[in-house]
Amino acid sequence: MARLVEPKSTAGCGVLHIVVVMRYEVIEVIDGTYGERELYAAHSCPEMGAGRCPDVPGKGVRRFKAGDVHHLRLDQRSRGGVLFDLFSDKRLPRYRATCASLVPPESP
């Protein structure tokens with residue numbers, strides 16, 4: 001789980017497949033290992049929201065808002081699209097979000 005710190009946006013995804021990098025604060029790593037406090041996750045066409053992660057409580061992300069907590073499934077492989085990365089000066093790797101569920105406010 002990670003709290004969205006800096007959402008980013010671009011023009012609509014009508015003609016181009018835009019992939020936008022956003023900055024997260026790591027709250028908890030549920031599966032795998034990740035030792036950093038910040039995470040840079042790329043979302044496909046963020047103006048369209050993000051599909052819900054199956055088998056995880058919470059709804060899919062309809063709008064990316066700073067402060068919201070997301071349960072993310074991440075992949076290190078690139079899947080195409082035009083990458084929009086305003087954090088290119090940061091040394092941490094980029095991950096591709098394959099899904100994102102909005103964690104209810106009463107959760108961590």
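See the structure above.
The structure reproduced in this document is the subject of the present report. Remember, it's a predicted structure, so these values are computed and weren't measured experimentally.

A closer look at unusual backbone geometry
Here cysteine 45, not a glycine, exhibits a phi torsion of approximately 40 degrees, which is positive. As for its placement among the helices and strands, cysteine 45 is situated in the loop between β3 (38-44) and β4 (59-60). Phi at aspartate 55 takes a positive value of approximately 65 degrees, unusual for a residue other than glycine. Locating aspartate 55 in the fold gives a position in the loop between β3 and β4. Residue classification places aspartate 55 among the exposed residues on the basis of a relative accessible area of 78%.

Topic: the environment of valine 19
Within the element layout of this structure, valine 19 appears in strand β2 (residues 18-26). With a relative accessible area of 2%, valine 19 lands in the buried category. Considered as a pair, valine 19 and alanine 41 are 22 residues apart in the sequence and their alpha carbons are 9.7 Å apart. Ignoring sequence-local partners within four residues, the contact set of valine 19 consists of Ala42, His43, Ser44, Gly80, Gly81, Val82, Leu83, Phe84 and Arg96.

Calculation notes
- Residues numbered from 1 in each chain as written.
- Predicted model: local features only at pLDDT ≥ 70, side-chain atom pairs only at ≥ 80, totals over all residues.
- Heavy atoms only, no water.
- Helix = DSSP H or I, 4+ residues; strand = E, 2+ residues; numbered from the N terminus.
- Buried < 20%, exposed > 50% of the residue type's maximum accessible area, 1.4 Å probe, protein only.
- Contact = heavy atoms within 4.5 Å.

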